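What follows is each chain in one-letter form.
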Amino acid sequence: MSIFEERFSSRLRRDFTDEVTAAYDRCPLGPHDDKTARVVRALGNASANGKEIILNLGPNGPWGIGRITLGAPGNLFLMPGTFHSYEDALRRVFSLRRKNFLET
């Protein structure tokens, strides 16, 4: 299992290019090309602890971002700021997840 995880992580690091980020930023809801879709799926399937999620703060926005933090009140840390567009919130979550992935 560790060999599989190492190979998977290595491929994901190679796939996580500036082009993938630009493709996601252009159209966060998709459809995505194969490489971008692979990265998005991998980030979405990551462990819940430490994962950023979008929170609906009203019937049609605004949206906020929280980080799942086991042990925090409600197991959630609310991050500052709001977004008036769901797509902008998606872009920010993708950016945060990219940063976290590349730093680990």
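Structural notes, computed from the coordinates.

Rules behind the numbers
Residues numbered from 1 in each chain as written. Predicted model: local features only at pLDDT ≥ 70, side-chain atom pairs only at ≥ 80, totals over all residues. Heavy atoms only, no water. Salt bridge = Lys/Arg side-chain N within 4 Å of Asp/Glu carboxyl O. Helix = DSSP H or I, 4+ residues; strand = E, 2+ residues; numbered from the N terminus. Buried < 20%, exposed > 50% of the residue type's maximum accessible area, 1.4 Å probe, protein only.

Here we take up the pattern of salt bridges. Overall, the coordinates contain six salt bridges when judged by the stated rule. Residues Arg91 and Asp88 are paired through a salt bridge, measuring 2.8 Å at the closest nitrogen-oxygen approach. Of the two residues, Arg91 and Asp88 both sit in helix α4 (residues 86–103), three residues apart, roughly one turn of that helix. Its relative accessible area of 37% is what places Asp88 among the partly exposed residues. Between Lys99 and Glu103 there is a salt bridge, with its nearest N and O atoms 3.4 Å apart. Within this pair, Lys99 and its partner Glu103 are both found in helix α4, separated by four residues, close to a single helical turn. Among the charged side chains, a salt-bridge network with shared partners connects Arg11, Asp15 and Arg38.

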